[in-house]
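Inside the fold
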Amino acid sequence: MKRFKMGGVHPKENKLSAGKQIVEATLPKQVVIPLVQSLGAPGQSVVAVGDVVKVGQLIVKAGGFVSANIHSSVSGKISAIGTTIDASGYNVPAVFIEVEGDEWLKTIDRTNDLKRECNLSSEEIIKTITDAGIVGMGGATFPTHVKLSPPPGKKADVLIINAVECEPYLTCDHQLMLEKPLEILVGVTILMKAAKVTKAYIGIENNKKDAIELLKQTARSFTGIEIVPLRVQYPQGGEKQLIDAVIGRQIPSGALPVEVGAVVQNVATAFAVYEAIQKHKPLIDRVITITGKSIKSHGNYRVRLGTPMNSVVEQVGGIPEDTGKIISGGPMMGKALKTLEVPVVKGTSGILFIPTFAATRKNMQNCIRCAKCVVDCPMGLEPFLLMSQGERSMWTEMEKDRVMDCIECGICSYTCPSNRPLLDYIRLGKTTVGKIIRNRQAKK
Amino acid sequence: MAKLIISPSPHVHSGDSISNKMIGVFIALIPAYLVGLYFFGLGALIISITAMLSCVAFEYLIQKFLLKGSVTIFDGSALLTGLLLAMNLPTNIPVWMVVVGSLVAIGVAKMPFGGLGNNPFNPALVGRVFMLISFPAAMTVWPVPVPLNMHYLDALTAATPLAVLKGQFSNIPDTLNMFIGHKGGSMGEVSALALLVGMVYMLIRKIISWHIPVSIMLTVFVFSGILHWANPNAFIATPLFHLLTGGLMLGAIFMATDYVTSPMNPGGMLIYGVGIGIITVVIRVFGSYPEGISFAILIMNGVTPLINTYVKPKRFGEVKKK
């Protein structure tokens with residue numbers, strides 16, 4: 001069975017909510033929609049306080065090519081345009097909407113009927129995806145239309161669908177595949193057309209055998225789509241690692257996937273594309289996993305974007321007594337939250353509760369030079385060296401030792417027997433070296 | 001609910017720890033230790049306990065009273081140094097010499113450099129080589145292997161097969177006996193079989209990777225094979241003889257793979273292993289000492305920082321570009 005070739009670990013999977021039916025979360029009283037929900041430029045609000053909006057109505061216009069539209073996920077009245085706190089703990093501008101009823105735009109097809117035929121051209125598909133505000137839903141939130149429009153002179157020959165879900169605990173993509181296989185495959189076909197490729201691979205890790213089987217059977221009635229089971233190995237969901245695992249091509253340092261002829265899209269993105277093209281529904285909701293060992297009703301929930309996390313958490317019985325840390329996303333790359341007022345956004349894949357006893361780091365000890373971090377690093381870096389350079393502010397040396405290649409998967413800190421905070425120092429290095437590089441380029 | 005804890009990712013840890021790694025090495029040493037106990041009996045017991053106790057005691061005393069810092073004897077590294085030192089000693093050596101060797105290992109080779117993780121040379125080997133140079137007579141007379149031997153200082157002695165090769169003795173044990181360990185030698189080095197069992201265990205548990213031990217053994221085998229093939233009269237020892245005698249297996253599997261003093265990536269590990277193999281054979285064949293692996297490992301320990309600087313791991317996306 002295929003896997004990426006360099007490094008990697010297999011953390012305890014803890015997929016507690018696997019197989020749990022997707023449940024529609026109840027509407028909150030108020031949604032908070034941040035103006036920035038994707039990589040790139042922040043958007044411009046096109047509504048004013050007091051406006052009445054419907055579900056699916058545009059409220060934030062993209063602030064450039066690398067940026068994405070945002071639509072109202074509820075119907076109601078704009079009560080304020082102020083700031084909210086995001087998953088990283090920063091204050092960000094946001095639109096507040098008081099929910100009244102649930103009135104959708106008439107153009108949106110809310111039935112469950114499958115629509116397979118799509119007669120739009122590649123350009124029309126990309127335009128619709130742009131309008132619908134679709135971004136990569138695996139967490140990086142890169143605008144989908146940008147990935148589908150390669151820079152001049154470059155051409156993709158293969159589409160890879162990321163259905164790996166290699167983070168422990170998370171099960172939202174898995175469950176979506178089990179419940180919406182046909183819709184996903186139609187979405188993949190549309191994406192193939194948009195990217196002008198004839199071949200698509202769907203990479204799924206082998207701990208989701210039911211999804212692999214189901215999609216294999218379903219894919220028989222589609223042309224050019226192949227399901228690729230992958231050996232479980234973190235971080236296989238990393239774009240570079242996935243391309244290596246599925247088609248054996250390695251992206252050179254600093255280059256984009258299209259350099260090796262690949263376009264990668266998340267499986268939930270493929271579903272959102274289906275809804276946008278065939279059902280005229282912009283990206284207004286997503287499936288998230290609510291999980292943790294002390295959560296009783298852990299499961300997969302379809303949540304309207306902008307719903308404050310505490311509103312969703314109330315529905316699963318509130319915050320568990322012993323909670324020490326709450327994470328937006330998975331335990332390897334997710335962000336620790338300082339409050340549950342943070343709204344669910346396009347890139348939120350889950351809310352994970354970690355009990356107090358497991359929430360603190362252990363004391364750091366001397367590096368015993370066991371080379372675990374070097375052997376397990378999926379990018380072939382030397383985390384132990386980067387950390388000691390970081391401690392000594394040796395930025396030139398860090399750049400030479402390719403700190404910018406780090407994908408921040410967290411394996412080095414995870415695997416270190418001396419509990420050294422390797423990634424913390426590597427992040428420090430990435431931020432500083434990034435600034436140095438930008439200054440250098442600005443001078444030229 | 002108490003206050004929420006905020007920290008950067010990752011939020012989980014593998015649960016691995018230094019003592020966990022050390023325990024793994026201890027488990028891997030059990031077969032070789034038992035063989036040592038079986039053939040050398042009382043002497044093996046006395047020197048191993050002496051070495052372990054004195055290494056831990058010296059580390060404790062230095063950390064507590066000289067450095068006045070935190071005491072880390074419970075991570076198991078000093079205990080392991082003691083055991084490895086004992087495995088490298090003849091079992092009829094007086095206790096006081098073992099204590100001196102332990103003092104050199106911990107007090108000279110390890111703690112002055114900053115303790116665990118910072119020592120450039122393998123502490124157990126520094127202790128052993130110090131003893132070899134200071135007490136040459138005691139360090140080069142090995143007891144005859146007698147099952148369940150109850151003699152210690154008064155044990156019958158004989159030369160090791162390697163010494164036989166250098167000198168004028170004539171009773172070289174057959175290959176099978178050399179493989180299972182029925183031969184003279186240091187406490188932990190006699191049984192290649194037991195040491196290989198330990199290696200397999202460490203490989204399965206991923207405590208070590210194959211690169212260092214395999215490259216050492218292959219280099220010794222090939223290099224001594226070439227010499228033997230080119231001139232069997234001058235170089236009478238066969239490659240197999242070189243592999244199974246002396247401290248080669250113990251050195252390749254347990255001493256050279258010491259984390260702190262060996263290179264940090266597979267390419268570097270191979271260079272290091274080949275270097276140890278070549279130096280070992282050169283000392284054995286051309287040098288005046290019958291055995292050379294301790295010196296070979298220490299020399300390559302000294303080269304390790306250089307290897308780490310110039311040999312970099314293969315980076316992602318570096319070679320293939322279709």
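Bear in mind that the values here come from a model prediction, so they are computed numbers and not experimental data.

Section: the overall build of chain A
A tally of regular secondary structure across chain A gives 14 helices and 17 strands. Principal-axis analysis of the C-alpha atoms gives chain A an extent of 65 × 50 × 50 Å. Across the 444 residues of chain A, 54% fall into the buried class. Across chain A, the fraction of contacts at a sequence separation of at least 24, relative to all contacts at a separation of at least 6, is 73%.

Description of the overall build of chain B
Within chain B, the secondary structure is distributed over 13 helices and 2 strands. With respect to the principal axes defined by its C-alpha atoms, chain B has extents near 75 × 60 × 30 Å. Counting only residues that meet the buried cut, chain B has 52% of its 322 residues in that class. Here the contacts in chain B between residues at least 6 apart in sequence split such that 74% fall between residues at least 24 apart.

Some words on the pairing of strand β10 (residues 200-205) of chain A
Residue and element names in this part refer to chain A. Taken across its 6 residues, β10 has 6 buried, putting it largely inside the fold. Every second residue of β10 is oriented toward a common face, with Ala200, Ile202 and Ile204 on one face and Tyr201, Gly203 and Glu205 on the other, all of them buried. For strand β9 (residues 158-163) and β10, the ladder comprises 5 bridges, and the chain directions are parallel. Its bridge partner lying in β10, Leu159 is registered against Ala200. Judged from the 6 bridges that link them, β10 and strand β11 (residues 225-230) form a sheet pairing that is parallel. Residue Ile202 lies in a different strand from β11, and its bridge partner there is Ile227. Once you follow β10 into helix α5 (residues 209-219) and on to β11, the crossover reads as right-handed.

Brief notes about the domain arrangement of chain A
Its domain assignment divides chain A into domain 1 (122-278) and domain 2 (372-443). Grouping the amino acids of the side of domain 1 of chain A that touches domain 2 of chain A by side-chain chemistry returns 1 nonpolar, 3 polar and 1 charged.

Here we look at the interface of chain B and chain A
Between chain B and chain A, the contact holds 35 residues from the first and 56 residues from the second. For the side of chain B that touches chain A, the class distribution of residues is 15 nonpolar, 13 polar and 7 charged.

Structural notes on the sheet that holds strand β4 (residues 52-53) of chain A
Residue and element names in this part refer to chain A. Taken in spatial order, the 4 strands make up an open sheet running β2-β8-β7-β4, and their pairing is antiparallel. With partners counted over all chains shown, the strands left at the sheet margins are β2 (30-34) and β4, one partner each. Of the strand pairs in this sheet, β4 and strand β7 (residues 76-85) are connected by 2 bridges, and their pairing is antiparallel. Bridge pairing in β7 places Val53 opposite Gly76.

As for unusual backbone geometry
Here the amide bond leading from Tyr234 of chain A into Pro235 of chain A is cis, since omega sits at 0°, within 30 degrees of zero. By secondary structure assignment, the location of Pro235 of chain A is in the loop between β11 and α6 (239-247). With an omega dihedral of 0°, the bond running from Ser9 of chain B to Pro10 of chain B counts as a cis peptide bond. Tracing the sequence through the fold places Pro10 of chain B in the segment before α1 (18-66). Its identity is not glycine, yet His280 of chain A carries a phi of approximately 60°, on the positive side. Mapped onto the elements of the fold, His280 of chain A is located in the loop between α7 (267-278) and β13 (285-292).

Analysis parameters
- Each chain carries its own residue numbering, running from 1 in the direction its sequence is written.
- Chains and ligands are labelled sequentially in the order written, the chains with letters from A and the ligands with numbers from 1.
- Given that this is a predicted model, residues contribute local features only at a pLDDT of at least 70 and side-chain atom pairs are listed and counted only at 80 or more, while totals for whole chains, interfaces and linings are drawn from all residues.
- By definition, any uninterrupted DSSP run of H or I lasting at least four residues is a helix, any uninterrupted run of E lasting at least two residues is a strand, and each is numbered from the N terminus.
- Here a residue counts as buried when 20 or more other C-beta atoms sit within 10 Å of its C-beta, as exposed when there are 12 or fewer, and as partly exposed otherwise, the C-beta atoms being derived from the backbone.
- Distance between backbone-placed C-beta atoms decides contact: two residues are in contact if it is within 7 Å.
- Between any two strands, pairing holds if DSSP finds at least two bridges.
- Assignment of crossover handedness uses the view with strands pointing away from the viewer, where a clockwise path from the first strand over the helix to the second indicates a right-handed crossover.
- Segmentation of the chain into domains, including their bounds, is taken from an automatic or database domain assignment.
- Amino acids outside the nonpolar list (Ala, Val, Leu, Ile, Met, Phe, Trp, Tyr, Cys, Pro) and the charged list (Asp, Glu, Lys, Arg) are all regarded as polar, and Gly is one of them.

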